[in-house]
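Spelled out, the chains give:
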Amino acid sequence: MKARYLVEQAQKSQIEKDKYFLEIAQMVASRATCPRRKVGCVLVDSKQHIVATGYNGVPSGFTHCTELPCEGAQLPSGTGLDLCEAIHSEVNAFLQLRSDDELTAYMTVTPCYTCSKMFANSSVTRIVALEDYVHERGRKLLKEAGIEVDIKDGG
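Computed from a predicted structure; not experimentally measured.

Residue-level account of the overall build of the protein chain, with values.
When you go through the protein chain residue by residue, the secondary structure sums to five helices and five strands. Along the protein chain, from the amino end to the carboxyl end, the secondary structure elements read α-α-β-β-α-β-α-β-α-β. Among the 155 residues that make up the protein chain, the fraction classed as buried is 40%. Long-range contacts, defined here as pairs at least 24 residues apart, represent 57% of the contacts in the protein chain between residues at least 6 apart. Summed over all atoms, the accessible surface of the protein chain reaches about 9,300 Å², with 51% contributed by carbon and sulfur. Of the charged side chains in the protein chain, 18 are positive and 20 negative; the average position of the first set lies 5 Å away from that of the second.

In structure tokens:
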């Protein structure tokens, strides 16, 4: 009886998987070097294994915007994207990816339109995020691609 109670208590105290992966995405985002927004992405396969992570920042070998800001560094999030030198977190995660399994992406924010096009052409079937990106265009494209999007409160 006591062992059964301990198992039940462990199950109750185990963190829910979406919350777990979103908290990891927040930790990954803490590595971002873009001063206007820190974004993290965690790609998870169908067996619940993390297969890639990414955060936003300039290309390898470039001076980070935290040291020498690019032209877009001081602009509001979602504006002047062509002036920003940062590579988005999702792109960096996909650059590391070595899996062709069905994937779920856990993100601090839903993808922009350009990154939504990348997701539409990938094996990602679900995106879980803490908040919506400022523009709705990407969300519409994800819906058209049949990618489920869940917004979770507070990670």
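Alright, that's what it looks like, and here's the rest.
Describe empty space enclosed by the protein, listing the residues and the values that go with them.
Enumeration over the complete set of coordinates arrives at one cavity of 30 Å³ or more. As a volume, the largest cavity reaches approximately 220 Å³. Along the walls of the largest cavity sit 18 residues, with Arg37, Val39, Asn56, His88 and Tyr133 positioned nearest its centre. Residue classes in the lining of the largest cavity are distributed as nine nonpolar, six polar and three charged.

Here is what the cut-offs are and how they apply
- Residues numbered from 1 in each chain as written.
- Predicted model: local features only at pLDDT ≥ 70, side-chain atom pairs only at ≥ 80, totals over all residues.
- Heavy atoms only, no water.
- Helix = DSSP H or I, 4+ residues; strand = E, 2+ residues; numbered from the N terminus.
- Buried < 20%, exposed > 50% of the residue type's maximum accessible area, 1.4 Å probe, protein only.
- Contact = heavy atoms within 4.5 Å.
- Areas by Shrake-Rupley, 256 points an atom, 1.4 Å probe, with all protein chains shown as cover.
- Lys, Arg positive; Asp, Glu negative; His and termini not counted.
- Charge placed at Lys NZ, Arg CZ, Asp CG, Glu CD.
- 1 Å grid on protein atoms, 1.4 Å probe; cavity = no way out; pocket = protein on both sides within 12 Å on 5 of 7 lines; lining within 4 Å.
- Points joined across faces, edges and corners; volume = space filled by probe spheres on them.
- Nonpolar A, V, L, I, M, F, W, Y, C, P; charged D, E, K, R; others polar.

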